[in-house]
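A closer look at the structure
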Amino acid sequence: MDSLMTLAADPTVWAALITLIVMEVVLGIDNLVFISILSNKLPAEQRSRARRIGIGLALVMRLVLLSTLAFIVGLTAPVFELPWQGALDAHGEPAWELAFSWRDLILIAGGLFLVWKATTEIHHTMDPTPNDDVFDTKAAVGLNFGAAIFQIILLDIVFSIDSILTAVGMTDHLAVMIVAVVITVGIMLVAADPLANFINNNPTVVMLALGFLLMIGAVLIADGFGVHVPKGYIYAAMAFSGLVEGLNMASRTASRKRNPPETQGGETPDRLH
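Before going into details, it helps to say that this report is about the structure given with it. (Residues numbered from 1 in each chain as written. Predicted model: local features only at pLDDT ≥ 70, side-chain atom pairs only at ≥ 80, totals over all residues. Heavy atoms only, no water.)

So, the packing of helix α5 (residues 102-126) against helix α8 (residues 203-224)
Just so we agree on the cut-off: The axes are straight lines fitted to the C-alpha atoms, using for helices just the contacting stretch, and the angles between their N-to-C directions are given from 0 to 180°. Numbered from the N terminus, helices here are DSSP runs of H or I no shorter than four residues, and strands are runs of E no shorter than two. To sort the angles, those under 35 degrees are grouped as roughly parallel, those over 145 as roughly antiparallel, those from 65 to 115 as roughly perpendicular, and the leftovers as oblique. Throughout, a crossing is termed right-handed when the near helix is turned clockwise from the far one, and left-handed when it is turned anticlockwise from it by less than a right angle. Note on residue categories: nonpolar means Ala, Val, Leu, Ile, Met, Phe, Trp, Tyr, Cys or Pro, charged means Asp, Glu, Lys or Arg, and polar means any other residue, Gly included.
The interhelical angle for the contact between α5 and α8, taken along N-to-C directions, is 155°, at an axis separation of 7 Å. Accordingly, the angle class assigned to the pair α5 and α8 is roughly antiparallel. Where α5 crosses over α8, the handedness of that crossing is left-handed. Its residues assigned to classes, the contact of α5 with α8 shows 16 nonpolar, 6 polar and 4 charged.

Written out as C-alpha cells, the structure is:
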C-alpha cells in the first residue's frame, strides 16, 4: 500500500501513465478496426456480443501477459538466425536481418493473417455475384460466430504482445502498466459499437478500413523481418486518409442537400403537366 501511495504522489509516474494510455489507445485502434469489421459480418443481434467478448478477451490476455513479464521479455531473444542480412545503413546497422525471435515469428504470422483476411474481405466486397448460403441458417450463424471469435483471439494475441512490449519499454512499474491497460480496454469498449456502426453504415469507410488492415499486416511482416517502420508514419497516413474520406463524405452530403432525390433525374412532376 505504501508503495502504491508513493507511486501516486510521483508526478513522473502520472506523466508515464498518461503517455502510456495514449500510446495504448493508438495501438488499440488496429485491434478495434479488425474487431469492428469482423463483427459486422455477423447477424445484427450478435455483433455487440462478439465485440464485448473480443475486447474482454483482449483485456484478459494483456493482464495474463503482464503477470509473466519475464516470459514476454524473453520472447525478444533470437531463437534461430539465417546467414543473410541487408546492406549497412548510415548507423552501421543492417537494413534488414534474419535473426528471428518468437516475437518476430508471431508478428509475421499475424501480419500474414491480416493480409489474407483483408484481401479476402476486399474480394468479397467487390464480388458482383456472391455465393448464396446453402447451409441451414442457424448452423451457419453458429459457425460464423465461433469463427469470428476464433479470428479475434488470434489477432488479440498479436496485438496484445505488441502492446505489452510497448508498455514494458515505457515504464518499469507494473501497477502503471495494469492501470493503463484497464483504462485503454475500457475506452475500446465504449468506442466499439459507435465505430462498428459507423463503418457498417458507410461502405467506402469499410474499404478504407480494409486498406488500413492490409497496411498494418505488411508493417507487422516487415517488423518481423527486422525492418522497423516508425509507427508515427503509419498513423499519420491513416489519419490523412481518414481526413480525405471525411471530406468526401461531407461533399456527398452537401451534394444530396443541393439535389434531393425527388428532383434528380429530370423535371419535377409539376413541369410534366
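With respect to the layout of surface pockets
To keep it simple, the criterion reads: Here a cavity denotes a set of grid points, spaced 1 Å apart and computed over the protein atoms alone, in which a 1.4 Å probe fits but from which it cannot get out, and a pocket denotes an open set meeting protein on both sides within 12 Å along at least five of seven lines; residues with an atom within 4 Å of a point are reported as lining. Grid points are joined across faces, edges and corners, and a volume is the space filled by probe spheres set on the points.
Roughly 410 Å³ of volume is contained in the second largest pocket. Surrounding the second largest pocket, 23 residues form its lining, Ile29, Val33, Leu195, Phe212 and Met238 being those nearest its centre. Those elements that provide at least two residues to the lining of the second largest pocket are α2 (11-39), α7 (174-201), α8 and α9 (231-258). When the residues that make up the lining of the second largest pocket are grouped by side-chain class, the tally is 18 nonpolar, 4 polar and 1 charged.

Section: the packing of aromatic side chains
Inclusion rule: We call Phe, Tyr and Trp rings a pair once their centres come within 6.5 Å, taking the six-membered ring for Trp, and we label the pair stacked below 30 degrees between planes, edge-to-face above 60, and tilted otherwise. Think of it in three bands: residues with accessible area under 20% of the maximum for their type are buried, residues over 50% are exposed, and the middle band is partly exposed, with areas taken using a 1.4 Å probe on protein chains only.
What the rule picks out here adds up to 3 aromatic pairs. Relative to phenylalanine 225, the ring of phenylalanine 100 has its centre 5.5 Å away and its plane inclined at 85°; by these criteria the two rings are edge-to-face. Placement of phenylalanine 100 in strand β2 (residues 97-101) and of phenylalanine 225 in the loop between α8 and α9 is noted, with a sequence separation of 125 residues between them. On the basis of relative accessible area, phenylalanine 100 is assigned to the buried category, the value being 5%. Residue classification places phenylalanine 225 among the partly exposed positions, given a relative accessible area of 32%. Each ring, one from phenylalanine 113 and one from tryptophan 116, has its centre 5.8 Å from the other, and the planes form 40°; the classification is tilted.

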